[in-house]
Amino acid sequence: MRKDEAIHLGGTARTPEDVVSLHSLGLRFAELPVEDPQKFRNDLHRYQTAKNATGFYYLCHGPREGNPNDLQRLESVYFPKLTEIISLMPVLNMHLLTMHLWLDPRFLKRKIIEYKIDFLNRLTAIARRTGITLCLENLSETTEHWAEVFSSVPLLKMTLDLGHAELLSNQNSSYGFLERYPDRIQHIHLHDNRGGHSPEDDLHLPVGWGIIDFAGIFAAIRAAGYRGTMTLELKPQEIEQCLGHVRRLLQSPPQTKRAAQLRPP
């Protein structure tokens, strides 16, 4: 997508049938989460059929890393799994891969972070050879925590997860990322929650059903000049429940946070 185009809205598609459902909602693309590369390989033909039928393009979301402190598993299991996914992405003309790799120094030892920076350098080099942009998704990290990562891995881009940014933070950390790293943000994940300090608080609620100040964040997105892709990380029926609200936020953000909130029935 060209930078001068408006933001493209897409949704998470866990099956080819989800792709068709997202198309019926008027979205532009689907983001495919891949946990098992072999299963994904077996499903490539069905996803291609859905792609042809809808005219969608696809983005890819890699698997979770597992134990963030297990260097042996990260090297022998997670790294090969990601490289296999990268090798399959061109079949569906996928050019962006979002991945998880926890880098919060409040919880990880220095040697773990140093290993993961090397991990990212090696993986971005592989992705570049295939014409794929590698995006790291924020988990609990702040902008300060990412300074070394971005300076050490020049090819790395970012998927800004607005829901994750609400957790373990007094203020949603999206504001800091948008202000400090606008040129590194290539993709955005969109979902709501009620704040909190644990993975269990990552509720993935429809937009407007939690406490996130989307009016303010969308204003910051606009101020940063963002013209990328935005995935509603929800089930198709949940996307349908809040899609009108999201489109209004994109067109003309409400004046107050309270006015922007929806409530579940």
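Residues numbered from 1 in each chain as written. Predicted model: local features only at pLDDT ≥ 70, side-chain atom pairs only at ≥ 80, totals over all residues. Heavy atoms only, no water.

Peer 1: Just give me the short version of the packing of helix 4 (residues 110-129) against helix 5 (residues 143-152), but keep the residues and values in it.
Peer 2: One can describe the packing of helix 4 onto helix 5 by two numbers: an axis separation of 10 Å at closest approach and a directional angle of 40 degrees. Viewed along their axes, helix 4 and helix 5 form a crossing whose handedness is right-handed. Together, Arg110, Ile117, Leu120 and Asn121 of helix 4 and Glu148, Val149 and Ser152 of helix 5 make up the contact between the two elements. Classifying every residue of the contact of helix 4 with helix 5 gives three nonpolar, two polar and two charged. (Axes fitted to C-alpha atoms, helices over the stretch in contact; angles between N-to-C directions. Helix = DSSP H or I, 4+ residues; strand = E, 2+ residues; numbered from the N terminus. Left-handed = near helix turned anticlockwise from the far one by under 90°. Contact = heavy atoms within 4.5 Å. Nonpolar A, V, L, I, M, F, W, Y, C, P; charged D, E, K, R; others polar.)

Peer 1: Can you break down the sheet that holds strand 6 (residues 157-161) residue by residue, with the values?
Peer 2: Spatially, eight strands are ordered 1-2-3-4-5-6-7-8 in a closed barrel, and the strand pairing comes out parallel. On average, each strand axis in the sheet is inclined to that of its neighbour by 30 degrees, with strand direction left out of account. The pairing of strand 6 with strand 7 (residues 185-190) spans four bridges and is parallel. Within strand 7, the position partnered with Leu160 by the bridge is Ile188. Helix-sheet contacts for helix 1 (residues 16-24) involve strand 1 (8-12), strand 2 (29-33) and strand 3 (57-61), and the interaxial angle to strand 2 is about 150 degrees. (Pairing = 2+ DSSP bridges.)

Peer 1: Run through the state of the cysteines, naming residues and quoting values.
Peer 2: For the coordinates displayed, the defined rule picks out zero disulfides. Here Cys60 is not disulfide-linked; the sulfur of Cys135 is the nearest cysteine sulfur, at 11 Å. (Disulfide = S-S within 2.5 Å.)

Peer 1: Tell me about the side chain of His164, and name the residues and values.
Peer 2: You can see His164 is positioned in the loop between strand 6 and helix 6 (174-180). Among the polar contacts listed, one links the side chain of His164 to the side chain of Asp202, at a separation of 3.0 Å. Ignoring anything within four residues of it in the chain, the contact list for His164 reads Glu137, Asn138, Leu139, His191, Asp202 and His204. (Polar contact = N/O pair within 3.5 Å; in protein donor to acceptor, adjacent residues only side chain to side chain.)

Peer 1: Give me the side chain of His145: which residues, what numbers.
Peer 2: Among the secondary structure elements, His145 is positioned in helix 5. The exposure class assigned to His145 is buried, which follows from its relative accessible area of 17%. From its side chain, His145 meets the backbone nitrogen of Thr142 in a polar contact 3.0 Å long. When neighbours within four sequence positions are excluded, His145 is seen to be in contact with Asp104, Pro105 and Arg106. (Buried < 20%, exposed > 50% of the residue type's maximum accessible area, 1.4 Å probe, protein only.)

Peer 1: Quick rundown of the pattern of salt bridges? Include the residues and the values.
Peer 2: Tallied over the entire structure, the rule returns eleven salt bridges. A salt bridge links Glu65 to Lys116, with the nearest nitrogen and oxygen atoms 2.9 Å apart. You can see Glu65 sitting in the loop between strand 3 and helix 3 (71-88) and its partner Lys116 sitting in helix 4, a full 51 residues away along the chain. Each of the two residues, Glu65 as well as Lys116, counts as buried. In this structure, Asp104 engages Arg106 in a salt bridge whose closest nitrogen and oxygen atoms are separated by 2.7 Å. The class for Asp104 is buried, based on a relative accessible area of 0%. Through salt bridges with shared partners, one network takes in Glu17, Lys39, Asp43 and Arg46. (Salt bridge = Lys/Arg side-chain N within 4 Å of Asp/Glu carboxyl O.)

Any link to function would need more than the numbers given here.
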